[in-house]
Amino acid sequence: MAEKAVAPDIAKLSFEEALAELETIVRQLEEGKGKLEEAIKAYARGAALKRHCETKLAEARAKVEKIVLGPDGPAGLEPADVA
């Protein structure tokens with residue numbers, strides 16, 4: 001299955017910014033006070049923010065594993081299995 005392209009406004013967000021916006025959307029949806037059409041749009045944006053956060057975390061994990069493994073092999077630590 002092909003990955004959906006990330007909207008440019010979401011792509012420019014840091015992990016922390018995207019997570020904060022996602023948390024706001026979740027709170028709003030849990031309150032259930034908005035109109036259905038707005039809730040659907042918010043849910044779609046939340047899904048895109050979630051994918052963006054997952055991508056950022058995967059990139060960070062890869063960077064940490066490179067640091068931990070280093071050019072000469074393991075540095076005494078093993079990468080965490082956080083799948």
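Scoring rules and cut-offs
- Residues numbered from 1 in each chain as written.
- Predicted model: local features only at pLDDT ≥ 70, side-chain atom pairs only at ≥ 80, totals over all residues.
- Heavy atoms only, no water.
- Helix = DSSP H or I, 4+ residues; strand = E, 2+ residues; numbered from the N terminus.
- Buried < 20%, exposed > 50% of the residue type's maximum accessible area, 1.4 Å probe, protein only.
- Contact = heavy atoms within 4.5 Å.
- Areas by Shrake-Rupley, 256 points an atom, 1.4 Å probe, with all protein chains shown as cover.
- Expected span 1.5 Å × (residues − 1).
- Axes fitted to C-alpha atoms, helices over the stretch in contact; angles between N-to-C directions.
- Parallel < 35°, antiparallel > 145°, perpendicular 65-115°, else oblique.
- Left-handed = near helix turned anticlockwise from the far one by under 90°.
- Salt bridge = Lys/Arg side-chain N within 4 Å of Asp/Glu carboxyl O.

**Structural notes on the overall build of the chain**
In terms of helices and strands, the chain carries three helices and zero strands. Tracing the chain from N to C terminus, the helices and strands come up as α-α-α. Burial statistics for the chain: of 83 residues in total, 14% are counted as buried. In the chain, once contacts between residues fewer than 6 apart in sequence are set aside, the share between residues at least 24 apart is 63%. Of the roughly 6800 Å² of accessible surface on the chain, 60% is carried by carbon and sulfur atoms.

**Some points on helix α3 (residues 36-69)**
Its 34 residues place the ends of α3 49 Å apart at the C-alpha level, agreeing with the 50 Å of an ideal helix rising 1.5 Å per residue. Those residues of α3 lying buried are Ala42, Gly46, Ala48, Leu49, His52, Cys53 and Val68. Those residues of α3 hidden inside the fold are in contact with α1 (8-11) and α2 (15-31).

**Here's the deal with the packing of α2 against α3**
A packed helix pair is summarised by two numbers, namely the angle formed by the two axes and the spacing between the axes. Axis separation between α2 and α3 bottoms out at 9 Å; the angle between their running directions is 150°. Relative to α3, the element α2 lies roughly antiparallel. Crossing of α2 over α3 shows left-handed handedness. Here Phe15, Ala18, Leu19, Glu21, Leu22, Ile25 and Leu29 of α2 come into contact with α3, specifically with Ala39, Ala42, Tyr43, Arg45, Gly46, Leu49, Lys50, His52, Cys53, Lys56 and Leu57.

**Points about the pattern of salt bridges**
All chains considered together, the criterion is met by three salt bridges. In this structure, Asp9 engages Arg45 in a salt bridge whose closest nitrogen and oxygen atoms are separated by 2.8 Å. Remark: Arg45 occurs in helix α3 and Asp9 occurs in helix α1; sequence separation between them is 36 residues. Its relative accessible area of 36% is what places Asp9 among the partly exposed residues. You can call Arg45 partly exposed: its relative accessible area is 26%. One salt bridge connects Lys50 with Glu54, and the closest N-O pair in it is separated by 2.7 Å. Pair noted here: Lys50 and Glu54 are both in helix α3, with a separation of four residues, about one helical turn. One network of salt bridges, in which partners are shared, links Asp9, Glu21 and Arg45.

Keep in mind that these numbers describe shape and distance, not what the molecule does.
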